[in-house]
Amino acid sequence: MEKENTVTMEELQKQIDTLQKKVTRIEKSRKDQLSIAIVSGDMDKILASMVISLAAAAMDTKVKLFFSFWALSALRDKNKKAKGKDFISTMFGMMLPKGRNKLGLSNMNMAGMGPVMIKMLMKKKNVLSLDEMFKQAGELGIEITVCEMSMDLMGFKKEEFIDYPGLRYAGAATFVADAGESAMQLFI
Amino acid sequence: MEKENTVTMEELQKQIDTLQKKVTRIEKSRKDQLSIAIVSGDMDKILASMVISLAAAAMDTKVKLFFSFWALSALRDKNKKAKGKDFISTMFGMMLPKGRNKLGLSNMNMAGMGPVMIKMLMKKKNVLSLDEMFKQAGELGIEITVCEMSMDLMGFKKEEFIDYPGLRYAGAATFVADAGESAMQLFI
Amino acid sequence: MEKENTVTMEELQKQIDTLQKKVTRIEKSRKDQLSIAIVSGDMDKILASMVISLAAAAMDTKVKLFFSFWALSALRDKNKKAKGKDFISTMFGMMLPKGRNKLGLSNMNMAGMGPVMIKMLMKKKNVLSLDEMFKQAGELGIEITVCEMSMDLMGFKKEEFIDYPGLRYAGAATFVADAGESAMQLFI
């Protein structure tokens, strides 16, 4: 009887260990983390991304932003210039907004009057400006990754982007890997 | 031997209790719930939001919608008016669509002909109208929250919005908190 | 004492079994799966969808795409024609882009010059074309479902769509059901 018991105890322990492993795997596969793929370069969409990200970071949720396509405009530094661009990259660089303060609205842009109005209102209503939001994002450890494929496609160079703590460069696989273990994923 | 056994039994119980707590935490952190941040105010995007929400609610999934920026237009009641607005809020109020039946399309809007065509087709094909979808949403307990920052920015007042059961007002932090414990999150 | 032990052992086993069931339910409720509702028909958005999907599929993540509204244009086969359409469906068919190579950009479309530039750049930078991406998607087992309501609304017929392995037709409920058990959901 005792021996039987012992065996069963070992069996129970084994079952518990197996369960423990599964639970650990589940916990690791869904971290308290927010991953956002930002593809849009409209001022309102970038604003929404930053407002959500700052709210999440304030709750100690890890935030990882993946900037691609049009969103790269929001990461350009108006005071920086890249050299040695080919013709088409130079053209793209001229046509796309140079930095987060030059972005248009997805709606009611009205040849640039819309964004001016929104910025005035944000100031009046004491909403943080995009500049301040990016600063805070950096301080709160929000991770920003630049999509390498988009960068290559649009001819942007690393030396054109804003100074941001730990700015990274990676491909879509990195976004998917991060998003897969995040509790929240968004596409903006 | 018996004593040894007893100790091990207690240990096993402890391990099971620890596991049980972890599993409960996991279950609570990922409810059968759909959170949508709706930022777009295009008719097609609002339609998509409602179709997905109603489908989810029909499957007993809890649905929480967070309306912000342009999407606020969809919550305006054309028969209601707010008093005491400042100049810029009055202007915004005039420029933005007054209610879900005045929304434009993100594509092929054709100066308002597009939405008219879509509405005709929806009727012909027996798809619920947006009016009916919002009614059903209320009946199915779909929660709607108005983004307070957007409201403040655009100068909208509570008395301008539609009558909707339990309409709430909150900030982005509420969206993030809800989204974090939802099995599904979308940004539209 | 022994009897007591035995009882406790049974109890422990019961607790372990209950936990095991919960863990299994959790595992099933959050598969290594990516569900995307693609509503936009812009070339850049379809590109983003495919780049993310292929990256996920390459990591052995199951990918399920749900094409609706404007995104149906991306699934049209330019060489196929549907018969017996009513007037409004024929009009829609004429106005909407015929296939993934006719899509416009959400930004900088410049009357079709934007997409031409992007395609040139993609070729130059050795990025897969949309044609190649769809081919690879099929080979990697990425599932594509056509939204039946959108199809009906826009008057598209099954015989107009591209040949794609296992192309499915279903409603929003299918998207929600799939998304609910996916680790990742996106709305594009």
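All values reported here derive from a predicted model rather than from experimental measurement.

S.K.: What is the right way to look at the interface of chain A and chain C in this model?
M.R.: How big an interface is tends to be stated in terms of accessible area lost as the parts join. Taken together, the contact between chain A and chain C spans 38 residues of the former and 42 residues of the latter. Summed over both sides, the interface of chain A with chain C buries roughly 3,700 Å², with 74% coming from carbon and sulfur. When the area that chain A buries against chain C is broken down by residue, the three leading residues are Trp70(A), Leu153(A) and Phe187(A), summing to 19%. Going through the elements one at a time, helix 1 (2–29), helix 3 (87–95), helix 6 (148–154), helix 7 (172–180) and strand 5 (182–187) of chain A are the ones with two or more residues in the side of chain A that touches chain C. The element best represented in the side of chain A that touches chain C is helix 1 of chain A, accounting for 13 residues.

S.K.: I keep staring at the environment of Ala55(B) and nothing clicks. Help me out?
M.R.: Position of Ala55(B) relative to the elements: it lies in helix 2 (residues 43–58). For Ala55(B), a relative accessible area of 13% gives the class buried. Excluding its chain neighbours within four sequence positions, the residues that come into contact with Ala55(B) are Ala172(C), Ala173(C) and Val176(C).

S.K.: Explanation requested: the pairing of strand 3 (residues 143–147) of chain A in the structure shown.
M.R.: Along any regular strand the residues' side chains alternate between the sheet's two faces. Residues and elements named next belong to chain A. In terms of burial, strand 3 is a largely internal element, five of the five residues being buried. Bridge count between strand 2 (residues 62–67) and strand 3: four bridges; the pairing is parallel. Paired with Phe 67 across the two strands is Val 146, which belongs to strand 3. Sheet analysis places strand 3 next to strand 4 (residues 168–170), joined by three bridges and oriented parallel. Opposite Val 146, over in strand 4, you have Tyr 169 as the bridge partner. Assessed by its sense of winding, the connection that carries the chain from strand 3 through helix 6 to strand 4 is right-handed.

S.K.: I'm lost on the environment of Gly104(B) in this one. Help?
M.R.: Residue and element names in this part refer to chain B. The residue Gly 104 is located in the loop between helix 3 (87–95) and helix 4 (113–124) in this model. Here Gly 104 falls in the partly exposed class, since its relative accessible area comes to 22%. Placed 30 residues apart in sequence, Gly 104 and Ala 74 show a C-alpha to C-alpha distance of 11 Å. Discounting chain neighbours no more than four positions away, the residues touching Gly 104 are Asp 42, Met 43, Asp 44, Asn 109 and Pro 115.

About the thresholds
Residues numbered from 1 in each chain as written. Chains lettered and ligands numbered in written order. Predicted model: local features only at pLDDT ≥ 70, side-chain atom pairs only at ≥ 80, totals over all residues. Heavy atoms only, no water. Contact = heavy atoms within 4.5 Å. Buried area = accessible area lost by both parts, 1.4 Å probe. Helix = DSSP H or I, 4+ residues; strand = E, 2+ residues; numbered from the N terminus. Buried < 20%, exposed > 50% of the residue type's maximum accessible area, 1.4 Å probe, protein only. Pairing = 2+ DSSP bridges. Right-handed = clockwise from strand over helix to strand, strands pointing away.

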